[in-house]
Amino acid sequence: MLLFTLTAVTAQRIPDAPSDVLNGLIAEVAAGNIDSLGEIYSLTRSSVYGYALSIVKNHSDAEDVTHDAYVAIATSALSYTPSDKPMAWILTIAKNLALMTLRKRRERELDEAEVAAIPDTLDILPADKMVLRECIERLSDDEREIVMLHAVTGYKHREIAEFLDMPLATVLSKYSRAIKKLRAALTEE
Amino acid sequence: MKKTTKNEEMTVNARVRTAVENAAPNDAASVINDVKAGQSVMVETQTKKTKRRGAWRAVVAAALALVLMGGAFAGGMYFSDARVASIVALDVNPSIEISVNKKERVLDVRALNDDAAAIIGDMDFKGSTLDVTVNALVGAMVREGYLSDIANSILVSVDGGGDEYASRLREHVSNLIGAMFDGAVMTQTVTPDKELDALADKYGITKGKARLIAEITTQNPRHTFEELVALSINELNLIRTTGAAGAENSGSSRPDDIVSQGTPSAGAYIGADKAYENALAHAASNYGAVTDAAALIKAPLDYEHGVMVYELEFYAYSADGEHFEFEYDVNAKTGEIVGFECELADKGDSGIYQPPVVSGSSVPESEAKATALSHAGVKESDIYAYTCKRDFENGVEVYEIDFKCAGYEYDYEIAVATGAIVKSNKEVDDDYRAPETTKAPETTAAPSTSVTEAEAKATALKHAGVNESDIYTYTCKRDFENGVEVYEIDFKCAGYEYDYEIAVATGKIVKSNKEVDDDYRALETTKAPETTAAPSTAVTEAEAKATALAHAGVKESAIYAYTCKRDFENGVEVYEIDFKCAGYEYDYEIAIATGKIVKSNKEVDDDYRAPETTKAPETTAAPSTSVTEAEAKAAALSHAGVKESDIYAYTCKRDFENGVEVYEIDFKCAGYEYDYEIAIATGKIVKSNKEVDDDYHHDEHDDHNTSGSASVTAEQAKSIALTHANVDAGSIYDYECELDREHGTDVYEISFKSGRYEYEYEINASTGAIIKSDREIDD
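Residues numbered from 1 in each chain as written. Chains lettered and ligands numbered in written order. Predicted model: local features only at pLDDT ≥ 70, side-chain atom pairs only at ≥ 80, totals over all residues. Heavy atoms only, no water.

Q: Outline the overall build of chain A, listing residues and values.
A: If you tally the helices and strands in chain A, you get 9 helices and 0 strands. For chain A, the succession of helices and strands along the chain, N to C, is α-α-α-α-α-α-α-α-α. In chain A, buried positions account for 60% of the 189 residues. A fraction of 65% describes how many contacts in chain A between residues 6 or more apart in sequence connect residues 24 or more apart. Entry remark: accessible area of chain A is about 7800 Å², with carbon and sulfur atoms responsible for 54%. (Helix = DSSP H or I, 4+ residues; strand = E, 2+ residues; numbered from the N terminus. Buried < 20%, exposed > 50% of the residue type's maximum accessible area, 1.4 Å probe, protein only. Contact = heavy atoms within 4.5 Å. Areas by Shrake-Rupley, 256 points an atom, 1.4 Å probe, with all protein chains shown as cover.)

Right, here's the structure in full:
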């Protein structure tokens, strides 16, 4: 049992971007190899966009946050200390930018309804648009973040709990509620 | 209570994941571009060796911090993204217009002059924040020297977005720039004005610069719009703030007023003191003014006679005690006197006083003429159309002497005071008809070092590497090219057009060009002329072929579909060699002159059907460092943390990904699809991906899964968890069970509630062992 747990700690996580790959790429960016930023981008853009979308709740802002997040990643790479959680570092950068966007929006007193969350003009399948709209409309903010982190980033529930600083149990119950809501919404249509 | 089944949940997750992946932006290039733009500013700050170096760096850090915060400026209403909300124009000498939307995202960056185009270069700012863009552009202007200690003014004009919005944006950009360097920043809001916009269009300047010039001409009607157009913003700022226009804004606050921060630098100029000194010296020598008691009234900078000048006004007495007021325009860069007048100070309106010119230092016209003829190397008896008049040129009195001789027009300016040649020019006289002996005057005109046409021709032929007997359509004429007299020699030889310009004076090749003669039809023997044209190092097709084969690492007997043609690639004549071998298409370009490989490419041949032994040719083609498929497979499995015995649906094919040859390895294992790309040359994992296998059905999967990694059913796992928690199956609610992959092993992630507690379990799906258990009070 003990042995097993040890393996669990050191074993690599597959989903999309193993930590050491990301650590290596961030180090290369810090060393001035800007092409590595492109690799980080390809590996993590869905996670960053999905997480940003869960906070800002519209495509256009999420797209901007994603762009800015990678610029920030490049400029902050020098100060990054390799850890076992490079993904959390990246997501935190995205989170801060997303929160900044919300604050700006409040300052401008923008009505969220004025902005089409997922514009009809967005060039993706109607089915995908529906999924994103349901995520934005049906889920609470917490639920949305949790679903994105689990479904897109591939975070385990306990990783989500750690990242969002929430009790695991809360994450689990919110997650299950969210999945139920989404399932209901997606099957009723 | 309805229970979410594993498959339904997976479907929801998979659908969310797919939707996000499809909607997520995929434009790493624009990010990289922005980062590079930011870095160019950084590099600047790190290499610039001025005392402000530290300040620069701090500023860039601050600007980047702004970027990190997602752009700091906020205001106004929210419109659609692609609509231009405002245009922010930057003028230094480069004039650039940045169109932004309401979120200060850049829609377009437009260069209004050549300098601006050079500054922008290949930077693409679309989608970037305004801050990043301003930062990069201003940084580039500093790097290129448009902004420096001696010219530090920049004009920021904001057009559109409403007065309040515009004034906040002005302030924001001004602060941003002000933080970057110690300069003079003028800002203004552009208000509609058809006349000025038309002028801006006409002269290719920004609306902002047009308004700045208009302000100066309004204050000082002596200036015309047209004469000020060519001035840099720093010069305009100097005229505006220190010049006769000198209109310092005092308290008025119309939105279109120009707000100025910082002092424009006059560091490029000699300074008012030096200008005054020069003016006094001139007044003393020309008017006999007594300068000891001279009194300077004012010395502003202004633009006169096409140059920046100090406009000096001062009083001085003449030797006989008359009190004069002098006005001098002194070239602010050179200190030259470019204009002057004086009048009796006490009788101000008595008209311009013409004091006697101090004599003794002037040369007669005859002497000036002799100087010109001697310089031209011609005899007085040979010249005609001689004219001479006295004029002032940049404040210096000169004889303007023009004459013609033997097909040339000469034009001299000789200082009256010193007899020195101020300017000399010699041009071909277009009206001249030579009296047969064209060469005689040339020899006369040119100094002894000049070369004959025959010599120039020989030089050209030698340079081209061709024999005189091989050339045809030879022409030679004399012309002036950038002030240098040249022989323009054109000829053709063996399919090429040659075009030379050889300086008459030195015999040097000023320009040489060789192009394919489109009209050329080879006389069957295509190769012969080529050999003639090309130097001895040219390689044959056979040699080029051998080079390509050696590089590809394939044997001639193994290749097929071989083609070779000669072509020009970026001005270099090459053999274009294509062939196929063992499933690959090879494509080479080999320079004919050097035999060097200019381009090589190897692609998978889509039409290729391997004759069973696919691997043999691969081994031949790939260098020794390449990894085998088996090694690549092992790397993928190890990375995925799965055993070979557990996987199914394994496929492996070789492909090129971004120019890198890779193994594309796909396989499935325990509900997931794995997708790897492993570089053949290095064995490195280029790409790895793991996705939920939508087709995966847990029950059917036992067929594939020999190890029985999910030999524990979900029900069994549930009972293991319930037993461990010591709760009754009837008392639990919110039960969730998810089959997931943890460190290469399938586990059930189980959660449920019972009583006041929430439970979480991870149970090994193969062994039924509890990997993790957790109980918390349910909030």
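Q: So what's going on with the overall build of chain B? Which residues, and what values?
A: Counting its secondary structure elements, chain B contains 19 helices and 31 strands. Burial analysis of chain B (779 residues in total) assigns 46% to the buried set. The contacts of chain B with a sequence gap of at least 6 include a subset with a gap of at least 24, amounting to 46%.

Q: Lay out the packing of aromatic side chains in plain terms, naming residues and giving numbers.
A: Residue and element names in this part refer to chain B. Taken as a whole and assessed by the stated rule, the structure comprises 22 aromatic pairs over all chains. Between the aromatic rings of phenylalanine 314 and phenylalanine 326, the centroid separation amounts to 5.2 Å while the plane-to-plane angle is 15 degrees, which identifies the pairing as stacked. On the criterion of sequence distance, the pair formed by phenylalanine 314 in strand S9 (residues 307–318) and phenylalanine 326 in strand S10 (residues 323–331) is long-range, its members being 12 residues apart. Exposure class is identical for phenylalanine 314 and phenylalanine 326. Each is buried. Taking the ring centre of tyrosine 757 as reference, the NZ or CZ of arginine 756 above it sits at 5.6 Å. Directly above the ring of tyrosine 757 sits arginine 775, whose terminal nitrogen or CZ lies 4.0 Å from the centroid. (Phe/Tyr/Trp six-rings, centres within 6.5 Å; stacked < 30°, edge-to-face > 60°. Lys NZ or Arg CZ within 6 Å of the ring centre and 35° of its normal.)

Q: How would you sum up the sheet that holds strand S31 (residues 770–777) of chain B? Please name residues and give values.
A: Residues and elements named next belong to chain B. One open sheet holds the 4 strands; their spatial order is S28-S29-S30-S31, and the pairing between them is antiparallel. Two strands bound the open sheet, and with one partner strand each, they are strand S28 (732–742) and S31. Neighbour to neighbour, the strand axes of the sheet diverge by 10 degrees on average, direction disregarded. Where strand S30 (residues 757–764) lies against S31, 7 bridges are found, and the strand directions are antiparallel. Its bridge partner lying in S31, tyrosine 757 is registered against isoleucine 777. Across the face of the sheet, helix H19 (residues 714–725) comes into contact with S28, strand S29 (745–754), S30 and S31 while running at roughly 50 degrees to S29. (Pairing = 2+ DSSP bridges. Axes fitted to C-alpha atoms, helices over the stretch in contact; angles between N-to-C directions.)

Q: Lay out unusual backbone geometry in plain terms, naming residues and giving numbers.
A: Although it is not a glycine, lysine 57 of chain A sits at a positive phi angle of roughly 60 degrees. Along the polypeptide, lysine 57 of chain A turns up in the loop between helix H3 (35–56) and helix H4 (59–76). Here alanine 406 of chain B, not a glycine, exhibits a phi torsion of approximately 45 degrees, which is positive. With respect to the helices, strands and loops of the structure, alanine 406 of chain B is situated in the loop between strand S13 (396–405) and strand S14 (408–415). Since its relative accessible area comes to 24%, alanine 406 of chain B is described here as partly exposed.

Q: Would you mind going over the pairing of strand S2 (residues 95–100) of chain B in detail, with residue names and values included?
A: All names here are of chain B. Where burial is concerned, most of S2 is hidden: 6 out of the 6 residues are buried. Alternating residues of S2 divide into Ser95, Glu97 and Ser99 and Ile96, Ile98 and Val100, and every residue in both groups is buried. Pairing geometry for strand S1 (residues 86–91) and S2, over 6 bridges, is antiparallel. Paired with serine 86 across the strands is valine 100, a residue of S2. Connecting S1 to the next strand, S2, in antiparallel fashion are 3 residues. Judged from the 5 bridges that link them, S2 and strand S3 (residues 106–111) form a sheet pairing that is antiparallel. By the bridge assignment for S3, serine 99 is matched with aspartate 108. Where S2 hands over to S3, the hairpin turn is made up of 5 residues, of which glutamate 104 adopts a positive phi near 55 degrees.

Q: An account of the pattern of salt bridges is needed here, citing residue identities and associated values.
A: Residue and element names in this part refer to chain B. Going through the model one piece at a time under the given rule, you end up with 27 salt bridges over all chains. Between lysine 457 and glutamate 468 there is a salt bridge whose closest N-O contact spans 2.6 Å. Linking lysine 457 in helix H14 (residues 453–464) with glutamate 468 in the loop between H14 and strand S16 (472–481), this pair joins segments that are 11 residues apart in sequence. Take lysine 457: its relative accessible area is 17%, and that puts it in the buried class. Note that glutamate 485 is salt-bridged to arginine 478, the shortest N-O span being 2.8 Å. (Salt bridge = Lys/Arg side-chain N within 4 Å of Asp/Glu carboxyl O.)

Q: Tell me about the environment of histidine 305 of chain B, residues and numbers included.
A: Residue and element names in this part refer to chain B. Topologically, histidine 305 is positioned in the loop between strand S8 (301–304) and S9. When the C-alpha atoms of histidine 305 and valine 338 are compared, they prove to be 7.3 Å apart, with 33 residues separating the residues in sequence. In this structure, histidine 305 is in contact with Asp329, Val338 and Gly339, ignoring residues within four places of it in sequence.

Q: Before we move on, can you summarise the packing of H3 of chain A against H4 of chain A with the specific residues and values?
A: All names here are of chain A. Close contact between H3 and H4 brings their axes to 8 Å; oriented N to C, the two are set at 140 degrees. For the element pair H3 / H4, the angle class is oblique. Between H3 and H4 lies a crossing of right-handed hand. Here Leu37, Ile40, Tyr41, Thr44, Arg45, Val48, Tyr49, Ala52, Leu53 and Val56 of H3 come into contact with H4, specifically with His59, Asp61, Ala62, Glu63, Val65, Thr66, Ala69, Tyr70, Ile73 and Ala74. (Parallel < 35°, antiparallel > 145°, perpendicular 65-115°, else oblique. Left-handed = near helix turned anticlockwise from the far one by under 90°.)

Q: Which residues make up the confidence of the model for chain B, and what values go with them?
A: Residues and elements named next belong to chain B. Overall, the predicted model of chain B reaches an average pLDDT of 74, with 77% of residues at or above 70. Every residue in residues 41–80 is under pLDDT 50, and counting partners more than four places away or in other chains gives 76 contacts. Within the model, pLDDT remains below 50 along residues 347–360, and this stretch shows 18 contacts once partners closer than five positions in the same chain are excluded. (pLDDT = per-residue confidence, 0-100.)

Q: Let's hear about the side chain of asparagine 33 of chain B: which residues, and what values?
A: Within the element layout of this structure, asparagine 33 of chain B appears in helix H2 (residues 28–47). Since its relative accessible area comes to 18%, asparagine 33 of chain B is described here as buried.

Q: For the environment of asparagine 513 of chain B, give the residues involved together with the corresponding values.
A: Residues and elements named next belong to chain B. Of note, asparagine 513 is situated in strand S19 (residues 509–516). Classification of asparagine 513 as partly exposed rests on a relative accessible area of 32%. For the pair asparagine 513 and glutamate 497, spaced 16 residues apart in sequence, the C-alpha separation works out to 8.0 Å. In this view, asparagine 513 contacts Glu497, Tyr498 and Asp499; residues no more than four positions away in its chain are not counted.

Q: Can you explain the sheet that holds S1 of chain B? Please cite residues and give values.
A: Residues and elements named next belong to chain B. Pairing within the open sheet is mixed, and its 6 strands lie in the order S3-S2-S1-S4-S5-S6. Here the strands that pair on one side only, and so sit at the sheet edges, are S3 and strand S6 (259–261). Between one strand axis and the next, the sheet turns by 15 degrees as a mean value, whatever way the strands run. Sheet analysis places strand S4 (residues 153–159) next to strand S5 (residues 184–190), joined by 7 bridges and oriented parallel. Within S5, the residue paired with leucine 155 across the bridge is methionine 186.

Q: Let's hear about helix H6 (residues 163–180) of chain B: which residues, and what values?
A: An α-helical turn contains 3.6 residues, so any two residues separated by three or four positions project in the same direction. The terminal C-alpha atoms of H6 of chain B, which comprises 18 residues, lie 26 Å apart, in line with the 26 Å expected from a rise of 1.5 Å per residue. What H6 of chain B keeps buried is the set Tyr165, Ala166, Leu169, Arg170, His172, Val173, Ser174, Leu176, Ile177 and Met180 of chain B. (Expected span 1.5 Å × (residues − 1).)

Q: Provide a residue-level description of the packing of H4 of chain A against helix H5 (residues 86–107) of chain A, including the pertinent values.
A: All names here are of chain A. Orientation of H4 relative to H5, taken along the N-to-C sense of each, is 130 degrees, at an axis distance of 9 Å. When the axes of H4 and H5 are compared, the pair comes out oblique. Every pair of crossing elements has a handedness; the one defined by H4 and H5 is right-handed. Note on element contacts: H5 touches H4 through Trp89, Ile90, Ile93, Ala94, Leu97, Ala98, Thr101 and Arg105, opposite Asp61, Val65, Asp68, Ala69, Ala72, Ile73 and Ser76. When the residues that make up the contact of H4 with H5 are grouped by side-chain class, the tally is 10 nonpolar, 2 polar and 3 charged. (Nonpolar A, V, L, I, M, F, W, Y, C, P; charged D, E, K, R; others polar.)

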